[in-house]
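Chain by chain, the residues:
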Amino acid sequence: MKVLKFGGSSVKNADSIQQVISIIASESKEHKLFVVVSAFGSTTNNLIKAAKLAEQKDIQYKDIFSQIEAHHIDVIKQLIPVNAQSGVISHTKRLTNQLETLYDGCFMLEELTDKALATISGFGERLSSYIISEGAKQKLNATFKDSSELIVTNSNYLKAEVNFEKTNKNCQTFFAKNEHQVTILPGFISKSEKNKATTLGRGGSDYSASIYAAALNADELQIWTDVSGMFTANPSVVKQAFPITQISYQEAMEMSHFGAKVIYPPTIQPVMESKIPIVIKNTYEPNHAGTLIAEETSKNGSVKGISYIEDISLLTIEGIGMVGVPGISKRLFEVLADQDINVVMITQASSEHSICVGIYDADAEKAVKKINKKFSSEINQHKIQPVILEQNLSIIALVGDQMKNHQSLSGQMFSALGRNNVNIRAIAQGASEKNISAVINSSNAKKALNTLHEQFFEEEVKQLNLFVTGVGNVGNRFLAQINQQKEYLLKNLKINVRVVGIANSRKMVFNQSGIDLNTWEEQLKDGEAATLESFYNRTKELNLRNSVFVDNTANQKVSEVYEGYLRSSISVVTCNKIACASSLENYKTLKRVARKYNASFLFETNVGAGLPIIDTLKNLIASGDQVNKIQGVLSGSLNFVFNNFDENTTFENVVKQAAAEGYTEPDPKIDLSGIDVARKVLILAREAGYDVELADIENNSFLSKESLDTTNNDDFYTSLVKYEADFQKIYKEANDKGCRLKYVGEFSNGKAKVGLQLIPVDHPFYNLEGSDNIVLFFTNRYPENPLLIKGAGAGADVTASGIFADVIRTVNS
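Below: a short report on this structure. (Residues numbered from 1 in each chain as written. Predicted model: local features only at pLDDT ≥ 70, side-chain atom pairs only at ≥ 80, totals over all residues. Heavy atoms only, no water.)

This part takes up the overall build of the chain. The helix and strand inventory of the chain stands at 30 helices and 30 strands. For the chain, the C-alpha atoms occupy an extent of roughly 115 × 75 × 55 Å along the three principal directions. Taken over 813 residues, the chain has a buried fraction of 54%. Within the chain, contacts between residues separated by at least 24 positions form 73% of all contacts whose residues are at least 6 apart in sequence. Of the roughly 35,600 Å² of accessible surface on the chain, a fraction of 46% belongs to carbon and sulfur atoms. (Helix = DSSP H or I, 4+ residues; strand = E, 2+ residues; numbered from the N terminus. Buried < 20%, exposed > 50% of the residue type's maximum accessible area, 1.4 Å probe, protein only. Contact = heavy atoms within 4.5 Å. Areas by Shrake-Rupley, 256 points an atom, 1.4 Å probe, with all protein chains shown as cover.)

Now the structure itself:
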């Protein structure tokens, strides 16, 4: 025979109950069944809520009662044929009349005893089991049996302890005489030896089913719920979680203790002793295999699941007066036991200087008061400090029987959490090594669970969560490239990229599941008002693992928020040169903060757009080489301008053409003034290990003071027209000497300069075409023939591809 238990989510309405009856019919073809059912949906919570309202003289209890009654009558009318409804409705009405009388009594007496609450809270199962049995009788050889006639307990009304000797005898006697193929029973309820209503506490219906399975030596216990088994993590928090095929009883107990709510810890004990397998199944996907809980675990993987408990407080008692003093722990736990406070986790320093215990938040205030009172003498003598209370915490736990056979699991766990700035407050691990637990801030729980799941279960697939600001030429192309390549990245590089936030200077939009990059422009248009602060705050609040802030702007104010992101362990990828070309102190601070908080700070596109200039320079330095001199044509914009300017064109038109083709900044003066090249030389010098400020760089600008002093693009272009003759003169001088004009940046002997130079035909810079960049590194290893990097150095596409490459680098940083 088999025992089947159906939870509240499986019997929430008539359609669900029809599905349950269909499952019972299928299973009963080959096995006699004991079927245990919970109350409909959230009925038990509503029963208790109404009772507490009645106790408080709140007349709203009547409304809740009416809703409960109406729902059960409605289920009968949909489930039971019309010609059989009257008897079922009459019996149901008799039960609800008894319930109403109890509520009225609580209202009149303004009292709700444990005895009364046990009776009231059991009505959900009494009603559901009777109605379901009547529905089953329409199609099956079924009967109803009241669990309170079988399960005998002590007189602890709300969490009764079972008398297994009497209970087993009752079950076996009934089963021996029962000729029906299917028996429907209410879960949760029982009766004391004094014949008073009791309940089995939280998860009581699961426990009822387990009691019956053990008493009758069932072939199998099936727990039917609304999910397809026990998952590797809570699927509502970790979207990538998946059902576990098979786990051991011990693993299941650990998982259930730490929040896996598909089964409760007491359920496992009775069947484990009899070695009866448990199967967790999905009522709405009955053909899914679910999870098998048995003696042996599956051999797949050392970690079977990741669980967590919310609403935890950490109590720390510490002091020099604890060291070497016997009985301190005994006194502490006696206090907690006397107050009926459950200890969820314990950890103690080997020095005996401190003890930490994790308890539920609801017990924290009472615990602190009682512990301080218990140790008042030691506190007054300053031998022990008053209890230190930390709240708003959660416990996360890795669970697996085979963890003891695998080295470095703890290291992997804590390294993964550390990389994502998840601070650990306390750690506990039993000698059996079936569980590694850590206490963390509740605000980090979701990120921690996803981080650990990715570490141990997701075949090395890395989730990247991008927050993008700036959607002009470069930003637009960057989003297009991400959209084009996301499937390739997932399939070939095991990187799952989601763009979670997008902002421009006016609007922002967020979607934690990932913004649809086919419609991002429309979504952003309809987005909420944006500021740099609000975009940062939302990004931080989401607290997603592997988060990356991508700056596609040239805005100074955007560059000033980098430090905040890095301190939140959010990586920064930027094509904006302003931060790295700011004060040396700020540059070093950003680098230091990035290292401290395990975040990447990447800016390859600051020099050479998509060319690997900075990366190559970093590799040279890391390998022990020393850079002595740097020369380069580092402005694709200026190279385009001087490659296209001649006696047949005007300087203004060439500059406008460069802007139209996306080679210049929105303010072209940034490029033509030479400040952009100066910043690039500064960044290269700093990356080469030299302490240089922007003011140290000599900038020999070819623009007039009038052009440099303009405050908008129209005035700037007007000034270029005014000084056209000067530009033609510069061109003629170069042309007459057989040279070409190149704007060159140079760093040598600790000094840097930028300016327009006449490049002879035999120079490596002479044949640099279009908007290409070129850089020469003269080092100890390349003293005469420099290391040369050359290629496209401007344009939205190549810059976007460089940003894209940096985003991918964050995975391995």
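Here the narrative resumes.
Next up on the list: the side chain of Thr 810. Within the secondary structure, Thr 810 sits in helix H30 (residues 796-812). If sequence neighbours within four positions are ignored, Thr 810 has contacts with Leu 464, Val 548, Ser 571, Val 573, Ser 600 and Leu 602.

Counting 76 residues, the largest nonpolar core has Phe 549, Phe 601, Phe 651, Leu 684, Phe 702 and Phe 777 as the members making the most contacts within it. In terms of residue count, the dominant contributor to this core is helix H26 (residues 675-687) (7 residues). When near neighbours in sequence (up to four residues on either side) are disregarded, Phe 777 contacts Ile 613, Leu 617, Leu 620, Val 627, Lys 629, Ile 630, Tyr 782, Pro 786, Leu 787 and Ile 789. The next biggest cluster of nonpolar side chains, apart from the first, holds 36 residues, and it includes Val 162, Tyr 207, Val 262 and Ile 263. (Core = buried A, V, L, I, M, F, W, Y, C linked by side-chain atoms within 4.5 Å.)

What follows concerns the packing of aromatic side chains. Per the stated rule, a full pass over the model turns up 29 aromatic pairs. Here the aromatic rings of Phe 34 and Phe 175 are separated by 5.8 Å at their centres, their planes lie at 70°, and the arrangement is edge-to-face. Of the two residues, Phe 34 sits in strand S2 (residues 33-37) while Phe 175 sits in helix H7 (residues 164-177), which places them 141 residues apart along the sequence. Every member of this aromatic cluster is reached through a ring pair, and the members are Phe 467, Phe 510, Phe 535, Tyr 536, Phe 549, Tyr 562, Tyr 565, Phe 601 and Phe 603. Just above the ring of Tyr 587 sits the side chain of Arg 686; from NZ or CZ to the centre is 5.2 Å. (Phe/Tyr/Trp six-rings, centres within 6.5 Å; stacked < 30°, edge-to-face > 60°. Lys NZ or Arg CZ within 6 Å of the ring centre and 35° of its normal.)

The subject of this paragraph is empty space enclosed by the protein. One pass over the full model with this rule turns up 1 cavity of 30 Å³ or more. Of the residues that constitute the lining of the largest cavity, the class distribution is 2 nonpolar, 5 polar and 2 charged. (1 Å grid on protein atoms, 1.4 Å probe; cavity = no way out; pocket = protein on both sides within 12 Å on 5 of 7 lines; lining within 4 Å. Points joined across faces, edges and corners; volume = space filled by probe spheres on them. Nonpolar A, V, L, I, M, F, W, Y, C, P; charged D, E, K, R; others polar.)

Here we take up the sheet that holds strand S3 (residues 142-144). Read from one edge to the other, the open sheet built from 8 strands follows the order S3-S5-S2-S1-S8-S10-S11-S9, with strand pairing classed as mixed. Each edge of the sheet is formed by a strand with only one pairing partner; in this case those strands are S3 and strand S9 (246-248). Taking each pair of neighbouring strands and ignoring which way they run, the sheet shows an average axis angle of 20°. When S9 meets strand S11 (residues 291-294), the two strands line up parallel, connected through 3 bridges. When the bridges of S11 are listed, Ser 248 appears paired with Ala 294. (Pairing = 2+ DSSP bridges. Axes fitted to C-alpha atoms, helices over the stretch in contact; angles between N-to-C directions.)

Moving on, we get to the layout of surface pockets. The space that makes up the second largest pocket amounts to roughly 1,100 Å³. As for the second largest pocket, its lining consists of 50 residues, and the residues nearest its centre are Asn 552, Thr 553, Ala 554, Glu 665 and Pro 666. Elements with a minimum of two residues in the lining of the second largest pocket: helix H16 (473-493), helix H18 (532-542), helix H23 (636-644), helix H25 (669-672), H26 and H30. A breakdown of the residues in the lining of the second largest pocket according to their chemical character gives 19 nonpolar, 23 polar and 8 charged.

This part covers the packing of H16 against H30. When two helices pack together, you describe them by how their axes are tilted relative to each other and by the distance separating the axes. In contact at an axis separation of 9 Å, H16 and H30 are set at 45° when each is read in the N-to-C sense. What the angle tells us is that H16 and H30 run oblique. Our pair here, H16 against H30, has a crossing hand that is right-handed. Contact residues: Asn 473, Val 474, Arg 477, Phe 478, Gln 481, Ile 482, Gln 485, Leu 489 and Leu 493 in H16; Ala 796, Asp 797, Thr 799, Ala 800, Ser 801, Ile 803, Phe 804, Val 807 and Ile 808 in H30. Its residues placed into classes, the contact of H16 with H30 shows 11 nonpolar, 5 polar and 2 charged. (Parallel < 35°, antiparallel > 145°, perpendicular 65-115°, else oblique. Left-handed = near helix turned anticlockwise from the far one by under 90°.)

Turning our eyes to something else, we now look at helix H10 (residues 265-273). Along H10, the residues classified as buried are Thr 267, Ile 268, Pro 270 and Val 271. An end-on view of H10 places all buried positions within 165° of arc, on one side of the element. Lys 275 occupies a position one or two residues after H10 and carries a positive phi of about 55°. (Arc of directions from axis to C-beta.)

Our next topic: the pattern of salt bridges. Per the stated rule, a full pass over the model turns up 28 salt bridges. For Arg 567, the salt bridge goes to Glu 563, with nearest N and O atoms at 2.9 Å. Of this pair, Arg 567 and Glu 563 both sit in helix H20 (residues 562-567), 4 residues apart, roughly one helical turn. Among the residues examined, Glu 563 registers a relative accessible area of 25% and is labelled partly exposed. Glu 687 serves as the salt-bridge partner of Lys 591, at 3.0 Å between the closest nitrogen and oxygen. Of the two residues, Lys 591 is situated in helix H21 (residues 584-596) and Glu 687 in helix H26; the sequence distance between them amounts to 96 residues. (Salt bridge = Lys/Arg side-chain N within 4 Å of Asp/Glu carboxyl O.)

Let us look at the pairing of strand S14 (residues 354-360). Burial analysis of S14 places 6 of its 7 residues in the buried class, the great majority of the element. With 7 bridges connecting them, strand S12 (residues 305-318) and S14 associate as antiparallel partners. Bridging from a neighbouring strand, Ser 313 pairs with Ile 359 of S14. Of the strand pairs in this sheet, strand S13 (residues 343-348) and S14 are connected by 5 bridges, and their pairing is antiparallel. The partner of Ile 346 across the bridge, within S14, is Val 357. The turn joining S13 and S14, which pair antiparallel and follow one another in sequence, is formed by 5 residues; a positive phi near 65° is taken by Glu 352.

Attention shifts here to the environment of Leu 185. Checked against the element boundaries, Leu 185 lands in strand S5 (residues 182-186). Judged by its relative accessible area of 0%, Leu 185 is buried. Spatially, the C-alpha atoms of Leu 185 and Ser 376 are 52 Å apart, while their sequence positions differ by 191 residues. Look past the residues within four positions of Leu 185 in its chain and what remains in contact with it is Phe 34, Val 35, Val 36, Val 37, Ser 129, Lys 145, Ser 147, Leu 150 and Tyr 212.

A few words on a positive patch on the surface. Taken together, the side chains of Lys 366, Lys 369, Lys 370 and Lys 373 make up a positively charged region of the molecular surface. Mapping Lys 369 onto the fold places it in helix H12 (residues 361-374). (Patch = residues over 30% accessible without salt bridge, like charges linked within 9 Å, V, L, I, M, F, W, Y side chains within 5 Å. Lys, Arg positive; Asp, Glu negative; His and termini not counted. Charge placed at Lys NZ, Arg CZ, Asp CG, Glu CD.)

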